[in-house]
Amino acid sequence: MKFSWRILLLWTLPALVIGFFFWQGTFASTTGNMGSNTASTRMTYGRFLDYIDSGRVTSVDLYDSGRTAIVEAVDVDLDNRLQRLRVDLPISAPELISKLRDSNIALTSHPARNDGAIWGLLGNLIFPILLIAGLFFLFRRSSNMNGGPGQAMNFGKSRARFMMEAKTGVLFDDVAGIEEAKEELEEVVTFLKQPERFTAVGARIPKGVLLVGPPGTGKTLLAKAIAGEAGVPFFSISGSEFVEMFVGVGASRVRDLFKKAKENAPCLIFIDEIDAVGRQRGAGIGGGNDEREQTLNQLLTEMDGFEGNTGIIVIAATNRADVLDTALLRPGRFDRQVMVDPPDLKGRIKVLEVHARDKKLASEISIEVIARRTPGFTGADLSNLLNEAAILTARRRKEAITMLEINDAVDRVVAGMEGTPLVDSKNKRLIAYHEVGHAIIGTLVKDHDPVQKVTLIPRGQAQGLTWFTPSEEQGLITRAQLLARITGALGGRAAEEEVFGDAEVTTGAGGDLQQLTGIARQMVTRYGMSDLGSLSLESQEGEVFLGAGLMSRAEYSEEVAARIDQQVRQIIEHCHQEAREIIRDNRDAVDRLVDLLIEKETIEGEEFRQIVAEYTDVPEKPQYVPQL
Ligand code: ADP
Ligand code: ZN
């Protein structure tokens, strides 16, 4: 909105300038040609005098303060018809008037066109006025913009960047699948509703709670539910809002926020992405960031500045607590931490139930089946999934969401939009071999997740996809499983090599290689699953802040680094050989499956296994069934 104004002005100003000159041009010509409609032919002054003398002039009209005359004269060449001619008169021709009077010629003097003069004056003024007004307007607009040139003039007044909701309307019932977090936070509702109960026995009510968990797990929702259950206003701001160009803006926003909150106590303040301001001070490349430090200090001051029983509770969300400044986590600040993890199977069922409330599901649909298909999905993913399915249903003009829409929606949420199938070509054959390569290894290697389906329908970045039924949840993973994953990921490239030869392998395996290299590296450096022995060579967490890796160089020597590389290579090489062997030994099955895949575009896991079983023994894979 703000921008369009500026652009509008930027375009209208030049247009006005051009328009103005055009207008001036036409205006000038109208004054100049006044009377031109009556006399287009000109006559010299001398000729005019001759005409008078010869008695051919019948009347004279004077215009332009006597500088122009329209003369009516008899044209002797044309049957004495009357002719109108225009004459430019010399400035001082006083004798003309007496001459005309002497000759008894009708003389009319027309006053100068005053309106023209006024228009001319206005025309000259209007443009500068418009220009000045435009510039003024432009300047005012831009000064209202974020970080615009005018920002410096009024940042102190800090337009509130936080949101306030008097009633969130969210209840604990709307939050599902994160029961532990909910239980811990139910207490906070009581703090807000009946602080006396705690203060009476001398308990200090906590001021701050830190919700830690990946994005989309429902942290915001949870905070809203606390405010909703307690019936108190909900103030929210995102940590990134604090980070501004000008030093002091963030701090003044914090001050404003707490001031408003105190006026509305009891209430709840929610700070999303607190890591944007709350990172460890004085860390990272180039030392600290003044603005962030000031903001953080202000936040700490504000949190210390009110008593626990004034009825303000601050809830902050982050996906990593380890990067936060320790000062934030001290008693009296965010001394409570609640983990909000992606839901497990049971949790996913509950979340799906919550979001299915307002959707029309066909009776055949089992929420449990959907939940089983979606390990690792967060609450937001699940909500998104049901919404996608509903959109697909509407587009297909169906009455209710069926399992077909759900499956399509899962695929879309996981792998992106479906593309148009490839036409038959060598390229398609190659992709088919690549995917069948993944799938046959997934089927024949005992510790690999079973194949769910293979498809040649492109989705997102991928031109073909092999889906595996993921094993349930964050259980422990064995070395054999990791090796199986690496072998499976190499299946695509191995098939290309076996079938088309080393020269024909494609870039299609790039993603696979990246993934499997990551796994192999972690096996060596983190899980102690190589000849280097059972030691951890890299800490669990990634980099805490930008540049940490630069400063605290690895905890091992160059020599060990070389050995790590060698071990990683060895693992991958071993799996690569195994993958190529499996493809070579089952070439007949692979060829048949490729033909079928090109024809059908998608093969379901069950059918795939049956075909492979006609050629060789397929290992039984225990279907992991979690307890409900
Ligand atoms: P976060 O703050 O953790 O990034 P949000 O609270 O913003 O996640 O979640 C986004 C949306 O996802 C919510 O509005 C809600 O619709 C859905 N959602 C996330 N987690 C849950 C949950 N546990 N129960 C129900 N809905 C959820
Ligand atoms: Zn692949």
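Please refer to the structure placed before this passage.
Here the structure is a predicted model, which is why all the values come from computation and not from measurement.

Colleague: Would you mind going over the pattern of salt bridges with me for this structure?
Modeller: Opposite charge on two side chains makes pairing possible when the charged atoms of those side chains draw close. Within this structure, the stated rule accounts for 29 salt bridges. Across the pair Glu72 and Arg84 runs a salt bridge whose closest N-O atoms are separated by 3.7 Å. Of the two residues, Glu72 is situated in strand β3 (residues 68–75) and Arg84 in strand β4 (residues 81–88); the sequence distance between them amounts to 12 residues. Between Arg580 and Asp502 there is a salt bridge whose closest N-O contact spans 3.9 Å. Placement of Arg580 in helix α21 (residues 558–585) and of Asp502 in the loop between α18 (479–500) and α19 (510–525) is noted, with a sequence separation of 78 residues between them. We classify Asp502 as exposed; its relative accessible area is 55%. Here the residues in one salt-bridge network are Glu497, Glu498, Asp502, Arg580 and Arg584, joined through shared partners.

Colleague: Any chance you could explain the site of ligand 1 here in plain terms?
Modeller: Taken together, 16 residues surround ligand 1, and among them Ala176, Gly216, Lys219, Thr220 and His355 come closest. At 2.9 Å, a backbone N or O of Leu221 approaches an oxygen atom of ligand 1. With the chains in place, 78% of the 550 Å² that ligand 1 exposes on its own is no longer accessible. Where the shell around ligand 1 is concerned, the elements lending two or more residues are α8 (219–230), α13 (345–356) and α15 (379–395). Among the residues making up the shell around ligand 1, the classes are represented as seven nonpolar, seven polar and two charged.

Colleague: Explain helix α16 (residues 403–415) here, please?
Modeller: Think of an α-helix as 3.6 residues a turn; residues three or four steps apart then line up on the same face. The terminal C-alpha atoms of α16 lie 18 Å apart, and with 13 residues this matches the ideal 18 Å at 1.5 Å per residue to within 8%. Within the span of α16, buried status applies to Met403, Glu405, Ile406, Ala409, Val410, Asp411, Arg412 and Ala415. Looking at the buried side of α16, the elements it contacts are α14 (367–373), α15, β12 (451–455) and β13 (465–468). Two residues or fewer after α16 comes Gly416, characterised by a positive phi angle close to 95 degrees.

Colleague: Help me understand the coordination of the zinc ion (ligand 2) in this model?
Modeller: Octahedral metals with six donors have ideal donor angles of 90 or 180 degrees. Tetrahedral metals with four donors have an ideal donor angle of 109.5 degrees. The protein atoms that coordinate the zinc ion (ligand 2) are His434 (NE2), His438 (NE2) and Asp512 (OD), at distances spanning 2.1 Å. Motif for the zinc ion (ligand 2), donor spacing along one chain: H-x3-H-x73-D. A residue pair is termed long-range when its members are at least 10 positions apart, and His434 in helix α17 (residues 426–444) and Asp512 in helix α19 qualify at 78 residues. On the basis of relative accessible area, Asp512 is assigned to the buried category, the value being 15%.

Colleague: What should I look at first to understand the packing of α18 against α19 in this one?
Modeller: To describe two helices that pack against each other, one gives the angle between their axes and the distance between the axes. Viewed as axis vectors pointing N to C, α18 and α19 meet at an angle of 160 degrees, and their least axial separation amounts to 9 Å. In terms of orientation, α18 lies roughly antiparallel with respect to α19. For the pair α18 and α19, the sense of crossing is left-handed. Across from Arg479, Leu482, Leu483, Arg485, Ile486, Ala489, Leu490 and Arg493 in α18, the residues of α19 making contact are Asp512, Leu513, Leu516, Ile519, Ala520 and Met523. Residue classes in the contact of α18 with α19 are distributed as 10 nonpolar, no polar and four charged.

Colleague: Help me out: how do you make sense of the sheet that holds β13 in this one?
Modeller: Whenever strands of a sheet pair, they do so through backbone hydrogen bonds, lying parallel or antiparallel. Strand order in the open sheet formed by three strands is β13-β12-β14, and the pairing between neighbours is antiparallel. Each of the sheet's edge strands pairs with one partner strand only, and the pair in question is β13 and β14 (602–604). Within this sheet the neighbouring strands show an average axis-to-axis angle of 10 degrees, counted without direction.

Colleague: Help me understand the environment of Lys621 in this model?
Modeller: Among the structural elements, Lys621 can be located in the segment after α23 (605–613). As a C-alpha pair, Lys621 and Val445 span 176 residues in sequence and 9.6 Å in three-dimensional space. Other than its neighbours up to four places away in sequence, Lys621 contacts Gly442, Thr443, Val445, Lys446, His448, Asp449 and Pro450.

Colleague: Help me out: how do you make sense of the packing of aromatic side chains in this one?
Modeller: Note on aromatic pairs: each is described by the distance of the centres and the angle between the planes. Overall, the coordinates contain four aromatic pairs when judged by the stated rule. Measuring from ring centre to ring centre gives 6.5 Å for Tyr45 and Phe48, while their planes differ by 50 degrees; the resulting arrangement is tilted. With Tyr45 and Phe48 both in helix α2 (residues 45–53) and three residues apart, the pair spans about one turn of that helix. Given a relative accessible area of 17%, Tyr45 falls into the buried group. We classify Phe48 as buried; its relative accessible area is 0%. Directly above the aromatic system of Tyr51 lies the positively charged group of Arg56, at a separation of 4.0 Å from the ring centroid.

Colleague: Any chance you could explain a negative patch on the surface here in plain terms?
Modeller: Together, Glu180, Glu183, Glu184, Glu186, Asp341 and Asp344 make up a region of like negative charge exposed at the surface. Note on Glu186: relative accessible area 38%, which makes it partly exposed.

Colleague: I tried to follow the pairing of strand β9 (residues 267–272) on my own but got confused; where do I start?
Modeller: Within a regular strand, the side chains alternate between the two sheet faces. Most of β9 is tucked away, with five of its six residues classed as buried. Direction of pairing for strand β8 (residues 234–238) relative to β9: parallel, over a ladder of five bridges. For Ser238, the partnering residue across the bridge sits in β9 and is Asp272. Here five bridges tie β9 to strand β10 (residues 312–318), and the two strands are oriented parallel to one another. From the neighbouring strand, Ile269 faces β10, where its bridge partner is Val314.

Each value, and the rule that gives it
Residues numbered from 1 in each chain as written. Chains lettered and ligands numbered in written order. Predicted model: local features only at pLDDT ≥ 70, side-chain atom pairs only at ≥ 80, totals over all residues. Heavy atoms only, no water. Salt bridge = Lys/Arg side-chain N within 4 Å of Asp/Glu carboxyl O. Helix = DSSP H or I, 4+ residues; strand = E, 2+ residues; numbered from the N terminus. Buried < 20%, exposed > 50% of the residue type's maximum accessible area, 1.4 Å probe, protein only. Near = heavy atom within 4 Å. Polar contact = N/O pair within 3.5 Å; in protein donor to acceptor, adjacent residues only side chain to side chain. Areas by Shrake-Rupley, 256 points an atom, 1.4 Å probe, with all protein chains shown as cover. Nonpolar A, V, L, I, M, F, W, Y, C, P; charged D, E, K, R; others polar. Expected span 1.5 Å × (residues − 1). Contact = heavy atoms within 4.5 Å. Donors = N, O, S within 2.8 Å, 3.2 Å for Na, K, Ca; no water. Axes fitted to C-alpha atoms, helices over the stretch in contact; angles between N-to-C directions. Parallel < 35°, antiparallel > 145°, perpendicular 65-115°, else oblique. Left-handed = near helix turned anticlockwise from the far one by under 90°. Pairing = 2+ DSSP bridges. Phe/Tyr/Trp six-rings, centres within 6.5 Å; stacked < 30°, edge-to-face > 60°. Lys NZ or Arg CZ within 6 Å of the ring centre and 35° of its normal. Patch = residues over 30% accessible without salt bridge, like charges linked within 9 Å, V, L, I, M, F, W, Y side chains within 5 Å. Lys, Arg positive; Asp, Glu negative; His and termini not counted. Charge placed at Lys NZ, Arg CZ, Asp CG, Glu CD.

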